[in-house]
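# Examination of the molecular architecture
Listed below, chain by chain, are the residues.
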Amino acid sequence: MLVYHGVREDYPYASDRLHRFILGASVDLAAGCRERGLACVQHVDRAERREKGLVHRLAAEAAAVVLEDQPTFVARWQAERVAAAAKVAVLAVNAACLVPPALLGHDTRGRSAFLRRHEPERAAWSTWNDETSEVVPYAGDLPFTPDSLEDLDLDDLVASLDIDHSLPVSEMHPPGHVAASERLARLVDETLPVYVAARNDATRSESASGLSPYLHFGVLGPREIMAAVNGASAGGQHKRKFADELLGWREWFHYQARQLAAPEKYDRIADWARRTLADHAADPRPEMETVTAMLAGETRDETWNACQRQFLIDGWMHNNLRMYWGKRIIAMTASPEAAWATACYLNDRLSLDGRDPSTYGNIAAMFAGSPSDRERPIYGRVATRGDGSTRKREGGDAWLAASATRPTPQLSIEEVPVDLYLTGQPTI
Ligand SMILES: Cc1cc2nc3c(=O)[nH]c(=O)nc-3n(C[C@H](O)[C@H](O)[C@H](O)COP(=O)(O)OP(=O)(O)OC[C@H]3O[C@@H](n4cnc5c(N)ncnc54)[C@H](O)[C@@H]3O)c2cc1C
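As a starting point, this report considers the structure included with it. On a predicted model such as this, the values are computed, not experimentally measured, just so you know.

What follows is about the overall build of the protein chain. Assigned secondary structure in the protein chain consists of 20 helices and 4 strands. Based on the C-alpha atoms only, the size of the protein chain along its principal axes is roughly 65 × 50 × 45 Å. Put simply, the protein chain has 428 residues, and 50% of those count as buried. Pairs at least 24 apart in sequence give 76% of the contacts found in the protein chain among residues at least 6 apart. A total accessible area of about 19900 Å² is found for the protein chain, and carbon and sulfur atoms account for 52% of it. A gap of 6 Å separates the mean positions of the 48 positive and 60 negative side-chain charges of the protein chain.

Written out as structure tokens, the structure is:
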């Protein structure tokens with residue numbers, strides 16, 4: 001068995017932030033493989049070490065290929081390309097969820113029905129035995145010279161690459177398993193004992209676990225997290241609430257994404273929502289903002305700017321801010337399609353946890369409401385969201401004022417890749 005991990009320079013939004021996080025995870029991946037007696041090779045594609053079609057060349061020598069069953073964005077497109085071209089069996093394994101979505105059938109409509117299938121499966125998958133047995137590490141020839149990441153200065157390496165250097169690494173979320181484990185320990189000791197009451201308080205970042213970046217890149221998995229949560233001394237109501245987020249919501253969005261041909265496209269949102277938004281497409285939009293102002297967190301909306309600055313600086317945003325941030329984009333952009341593409345672009349480019357089933361599932365939820373709701377300008381019957389839960393909170397004004405003074409990186413300005421999120425085909 002040979003484990004291969006490669007990173008290219010040309011995936012959408014490749015930046016110091018994403019590359020450094022990925023490479024930190026890759027170092028741990030290699031160390032974890034070594035501990036299990038598995039061979040692991042890595043490749044960072046760059047001008048002086050350019051390789052074409054490495055996965056295909058490795059696959060040509062293999063008896064079978066096993067890859068991650070990630071249902072969105074680059075990972076999905078690449079997996080589909082490998083599967084289409086390989087002459088050997090290609091097996092997609094979902095390691096991101098506690099309960100693999102493929103087990104749950106293809107006909108589940110709505111989260112309640114999903115939970116009725118998902119909840120009874122959880123116990124069996126929590127005790128999964130992942131010990132490696134009788135695996136022979138590959139020791140034969142390779143069609144390339146692997147990188148030895150642990151011998152390289154990863155900061156220097158990232159600085160030398162042809163990627164977006166205007167988006168810096170997140171100090172809040174250092175790469176690697178040690179940092180992720182520290183966050184998990186903080187969840188158990190500080191966050192979980194008050195989770196139900198505190199989780200909506202966006203003025204305190206420690207009211208949330210901050211684990212989503214590590215989950216997105218597979219540094220930690222839900223099984224490891226739930227083992228720590230179930231073993232914690234916090235009350236049952238807090239554990240149940242956390243499980244509802246991590247398993248009930250996150251895995252629902254993974255399941256949904258797997259059922260959709262293109263989870264990142266606007267046409268996934270409900271027909272009635274698209275119709276009501278289209279009915280209001282010509283409404284005046286006095287709160288329109290430029291992409292430049294939005295990207296920089298310098299719009300006329302102070303709360304929105306505070307949200308956006310978390311994405312910009314931390315590469316993460318508190319849960320309680322995200323729906324306000326998303327729904328306001330509908331009023332700040334020229335059309336509902338532009339709102340969809342802009343929200344996806346900002347989330348995907350800046351947030352470590354972006355490009356994920358939860359990204360597009362939640363952005364779709366920002367277009368939720370009810371056909372029987374009161375009709376409003378621009379939004380039609382799509383529900384709006386105010387910023388009261390932050391602004392009216394004790395200390396909310398001080399938090400907003402402090403957010404406005406946070407130094408932000410000066411980002412390169414690119415056009416929103418609208419086609420990517422409406423009709424276009426990936427080019428990677
Ligand atoms: C407009 C919008 C965009 C979002 N974009 C993303 C995204 O790109 N990536 C992402 O992982 N999540 C996204 N979310 C969901 C949620 O806001 C984040 O998962 C959460 O804020 C991550 O912070 P945390 O790890 O501290 O969460 P915690 O409150 O500590 O929750 C623990 C875990 O539960 C899961 N979780 C919590 N809330 C949700 C939710 N609403 N949907 C799915 N899973 C959830 C996450 O895996 C999270 O790490 C988005 C929500 C909205 C409204």
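In this section: the pattern of salt bridges. Side chains that carry opposite charge are capable of pairing whenever their charged atoms lie near each other. One pass over the full model with this rule turns up 30 salt bridges. Residue Asp147 is joined to Arg49 by a salt bridge in which the shortest nitrogen-to-oxygen separation is 3.1 Å. One end of the pair, Asp147, is in the loop between α5 (122-126) and α6 (154-159); the other, Arg49, is in the loop between β2 (39-44) and α2 (54-60), and 98 residues separate them in sequence. You can call Arg49 partly exposed: its relative accessible area is 29%. Bridged by salt links that share partners, the residues Arg46, Glu48, Arg49 and Asp147 form one connected network.

Around the ligand sit 24 residues, and of these Tyr195, Ser209, Gly210, Asn319 and Thr359 come closest. Glu245 places a side-chain nitrogen or oxygen 3.0 Å from a nitrogen atom of the ligand. Summarising the interface, the protein chains cover 97% of the accessible area of the ligand, which totals 820 Å² for the free molecule. When atom positions are compared with the pocket grids, the ligand is found to occupy the second largest pocket. Only α9 (212-216), α11 (236-259), α15 (319-332) and α17 (357-365) provide two or more residues apiece to the shell around the ligand. Taken together, the residues of the shell around the ligand sort by class into 11 nonpolar, 9 polar and 4 charged.

Turning to its location among the elements, Ser205 is positioned in the loop between α8 (195-198) and α9. By relative accessible area, Ser205 is classed as partly exposed at 28%. Separated by 112 residues in sequence, Ser205 and Met317 have C-alpha atoms that sit 8.9 Å apart. Ignoring anything within four residues of it in the chain, the contact list for Ser205 reads Met172, Arg186 and Trp316.

As a further point, take a nonpolar patch on the surface. A contiguous nonpolar patch, built from Val66, Leu91 and Val93 and spanning about 260 Å² of accessible area, is present on the exposed surface. In this fold, Val93 is placed in strand β4 (residues 89-93). Using a relative accessible area of 43% as the deciding quantity, one classes Val93 as partly exposed.

Here we come to the packing of aromatic side chains. Geometry of an aromatic ring pair is reported as the spacing of the ring centres plus the angle between the planes. Per the counting criterion, the structure on display carries 16 aromatic pairs. Summarising the aromatic geometry, the rings of Trp340 and Phe367 are spaced 6.0 Å apart at their centres and angled 40° between planes, so their arrangement reads as tilted. Of this pair, Trp340 sits in helix α16 (residues 336-350) while Phe367 sits in the loop between α17 and α18 (388-391), and the two are 27 residues apart along the sequence. Note on Trp340: relative accessible area 0%, which makes it buried. Among the aromatic residues, those joined into a ring-pair cluster are Tyr13, Phe73, Trp77 and Tyr345. Above the ring of Trp249, the side-chain terminus of Arg111 is found at 3.7 Å from the ring centroid.

On to the state of the cysteines, then. By definition, a disulfide is the covalent link that joins the sulfur atoms of two cysteine residues. The tally for this structure, following the rule as stated, stands at 0 disulfides. Here Cys97 stays unpaired: no disulfide links it, and the sulfur of Cys344, its closest cysteine neighbor, is 19 Å away. Relative accessible area serves as the criterion here: at 0%, Cys344 is assigned to the buried category.

Before going further, it helps to spend a moment on the side chain of His254. Counting through the fold element by element, His254 comes out in helix α11. Owing to a relative accessible area of 1%, His254 belongs among the buried residues under this scheme. Apart from residues lying up to four places away in sequence, His254 is in contact with Pro71, Asn94, Ala96, Cys97, Pro101, Asp356 and Pro357.

Our next topic: the packing of α16 against α17. Viewed as axis vectors pointing N to C, α16 and α17 meet at an angle of 145°, and their least axial separation amounts to 11 Å. Judged by the twist between their axes, the crossing of α16 over α17 is right-handed. Between α16, through Trp340, Ala343, Cys344, Asn347 and Asp348, and α17, the contact on the second element is made entirely by Thr359, Tyr360, Ile363 and Ala364. Here the residues of the contact of α16 with α17 are counted per class, giving 6 nonpolar, 2 polar and 1 charged.

Between its first and last C-alpha atoms helix α1 (residues 16-35) spans 29 Å; for 20 residues at 1.5 Å apiece the expected length is 28 Å, and the two agree. Burial of α1 is extensive: 14 of the 20 residues sit out of reach of the surface. Two residues or fewer past α1, Gly37 is found with a positive phi of approximately 75°.

Across residues other than glycine, the phi torsion is negative in most instances, and most of the peptide bonds are trans. The backbone of Tyr13 shows a phi angle near 75°, a positive value even though the residue is not glycine. Along the polypeptide, Tyr13 turns up in the loop between β1 (2-7) and α1. Within the chain, Arg355 stands out as a residue other than glycine whose phi angle is a positive 60°. By the secondary structure assignment, Arg355 is in the loop between α16 and α17. You can call Arg355 buried: its relative accessible area is 7%.

What counts and how
Residues numbered from 1 in each chain as written. Predicted model: local features only at pLDDT ≥ 70, side-chain atom pairs only at ≥ 80, totals over all residues. Heavy atoms only, no water. Helix = DSSP H or I, 4+ residues; strand = E, 2+ residues; numbered from the N terminus. Buried < 20%, exposed > 50% of the residue type's maximum accessible area, 1.4 Å probe, protein only. Contact = heavy atoms within 4.5 Å. Areas by Shrake-Rupley, 256 points an atom, 1.4 Å probe, with all protein chains shown as cover. Lys, Arg positive; Asp, Glu negative; His and termini not counted. Charge placed at Lys NZ, Arg CZ, Asp CG, Glu CD. Salt bridge = Lys/Arg side-chain N within 4 Å of Asp/Glu carboxyl O. Near = heavy atom within 4 Å. Polar contact = N/O pair within 3.5 Å; in protein donor to acceptor, adjacent residues only side chain to side chain. 1 Å grid on protein atoms, 1.4 Å probe; cavity = no way out; pocket = protein on both sides within 12 Å on 5 of 7 lines; lining within 4 Å. Sits in = over half its atoms within 2 Å of the grid points. Nonpolar A, V, L, I, M, F, W, Y, C, P; charged D, E, K, R; others polar. Patch = residues over 30% accessible without salt bridge, like charges linked within 9 Å, V, L, I, M, F, W, Y side chains within 5 Å. Phe/Tyr/Trp six-rings, centres within 6.5 Å; stacked < 30°, edge-to-face > 60°. Lys NZ or Arg CZ within 6 Å of the ring centre and 35° of its normal. Disulfide = S-S within 2.5 Å. Axes fitted to C-alpha atoms, helices over the stretch in contact; angles between N-to-C directions. Left-handed = near helix turned anticlockwise from the far one by under 90°. Expected span 1.5 Å × (residues − 1).

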